[in-house]
Structure formats: C-alpha cells, structure tokens
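Secondary and tertiary structure notes
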Amino acid sequence: MKKDFVKLIIICLIVFSCVFTFIYSLNPTYGLTSKQLKNHHNLTAEETIKLYAYYSNRNDFDNMYGLLSSKLIQQLKTYDVNTGDSNPSFLIKIEKVDEESNSNGLYKQSFYETYWDSSLLIKLGYKPSCDDLCPIDMVLVKEKKNSDWVIQSIGF
C-alpha cells in the first residue's frame, strides 16, 4: 500500500513538472504572424511594440536592439536594464496617446502607453485588469515615409 502511494506521488510530481515546464516555455507572439517575426520591415508602430515584447521575453537582445534607437540602446546599457536575469514581463495592452507628423525633422512620431505584467498565467491566456497596472510610456519614430518604426524611448 505504501509503495503504491509513493509511486503515485512520484508520478504526480513528474506530471506537474512537465506541465510547469511546458507553460514556462510558452512565449506569446502577441498576434504577430511568423512572417512578421522573421521580417521586421513595414510593420506598424503597434506591431513594432509587440515584436519588442516578443524578443524581450526571449532575451533575444540582438533582435530587440534592432528595434530601438541608438540613443535608447546606450541608455539601456548604461542602466544595465537587460541583463537576462529578470523574469519576463508580458505585454497586456497598447494605447495610442498621440501622433505627430513632420515634427523635429521626423516623418512621424507616435506616443503610446503600454501595460505589462509578469504573471505566468498570461501565457495561458489570462488577461489581468489594466486598472491595477502602471502604464509605461513608449515613443516610436519613423524618420522617413519608407523607413521602419524605431522605439525612441521607453519610460525614460
């Protein structure tokens, strides 16, 4: 009887660890297609933010830095923000606040509030209320009509 109970507990632990590993390995794509994940050109500003979140959660700094302005990359490196040791934060919501055209020598400049949460339940589709989350401001710029959106600032 005790042997059966011990076997049952061992099986439950194995199943639990497999399920936990599966959930932990999920990486939301935020509705981006496989084409958008491979080709970063001609994305909208919102898709650029989603792609940043995707690469950030994977600790793929090379691709993530490709979406950022050189000034922002220097700021992040100065503050040692992305060391890869932190828990991922998942993008919950994007709200466009404002957009300017032909200002400061740029074709377009867009201002967003983004909401993030680090709960692993988000990987399973859980959507927390944004009322409890603090928005993080993001500014994206498009230098020319045919250029790609670049993240100029994140809460700085």
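Residues numbered from 1 in each chain as written. Predicted model: local features only at pLDDT ≥ 70, side-chain atom pairs only at ≥ 80, totals over all residues. Heavy atoms only, no water.

Among the structural elements, Asn63 can be located in helix 4 (residues 61–65). On a C-alpha basis, the gap between Asn63 and Tyr52 in space is 8.4 Å, while along the polypeptide they are 11 residues apart. With sequence-adjacent residues up to four places away left out, Asn63 is seen in contact with His40 and Tyr55. Within polar-contact distance, the side chain of Asn63 engages the side chain of Asp60 at 2.8 Å. (Helix = DSSP H or I, 4+ residues; strand = E, 2+ residues; numbered from the N terminus. Contact = heavy atoms within 4.5 Å. Polar contact = N/O pair within 3.5 Å; in protein donor to acceptor, adjacent residues only side chain to side chain.)

By definition, the strands of a sheet pair up through backbone hydrogen bonds, in either a parallel or an antiparallel sense. With respect to topology, four strands assemble into an open sheet ordered 1-2-3-4, the strand pairing being antiparallel. Lying at the two open borders of the sheet, with one neighbouring strand each, are strand 1 (90–103) and strand 4 (150–154). The sheet shows a mean angle of 25 degrees between the axes of neighbouring strands, direction not considered. Here strand 2 (residues 106–117) runs beside strand 3 (residues 136–142); their pairing, made up of seven bridges, is antiparallel. Residue pairing for strand 3: Lys108 is matched across the bridge by Lys142. With respect to the sheet, helix 3 (residues 45–57) is in contact with strand 1, strand 2, strand 3 and strand 4, its orientation differing from that of strand 1 by roughly 140 degrees. (Pairing = 2+ DSSP bridges. Axes fitted to C-alpha atoms, helices over the stretch in contact; angles between N-to-C directions.)

So, about the packing of aromatic side chains. This model, assessed by the stated rule, comprises three aromatic pairs. With centroids separated by 5.4 Å and ring planes inclined at 65 degrees, the aromatic side chains of Tyr54 and Tyr55 adopt a geometry described as edge-to-face. Relative accessible area serves as the criterion here: at 11%, Tyr54 is assigned to the buried category. (Phe/Tyr/Trp six-rings, centres within 6.5 Å; stacked < 30°, edge-to-face > 60°. Buried < 20%, exposed > 50% of the residue type's maximum accessible area, 1.4 Å probe, protein only.)

Moving on, we come to the pattern of salt bridges. A side chain of one charge can pair with a side chain of the opposite charge when the charged atoms of the two come close. Inspection of the entire model under this criterion finds three salt bridges. With a shortest N-O distance of 2.9 Å, Lys93 and Glu95 are connected by a salt bridge. Between Lys96 and Glu99 there is a salt bridge whose closest N-O contact spans 2.9 Å. The class for Glu99 is partly exposed, based on a relative accessible area of 32%. One network of salt bridges, with partners in common, ties together Lys96, Glu99 and Lys108. (Salt bridge = Lys/Arg side-chain N within 4 Å of Asp/Glu carboxyl O.)

This next bit is on helix 3. With 13 residues, helix 3 extends 19 Å from end C-alpha to end C-alpha; this agrees with the ideal 18 Å at 1.5 Å per step. Of all 13 residues making up helix 3, 10 are buried, and the element is well covered by its neighbours. What helix 3 keeps buried is the set Ala45, Glu47, Thr48, Ile49, Leu51, Tyr52, Ala53, Tyr54, Tyr55 and Asn57. At its buried positions, helix 3 is contacted by helix 2 (34–38), helix 4, strand 1, strand 2, strand 3 and strand 4. Looking one or two residues beyond helix 3, the residue adopting positive phi is Asn59, at roughly 55 degrees. (Expected span 1.5 Å × (residues − 1).)

Across 11 bridges, the pairing between strand 1 and strand 2 is antiparallel. Residue pairing in the sheet places Lys93 in a bridge with Tyr115 of strand 2. Hairpin connection between strand 1 and strand 2: a loop of two residues separates the two successive antiparallel strands, and Asn104 in this loop has a positive phi of roughly 55 degrees.

In short, the description is geometric, and any link to function would need to be established separately.
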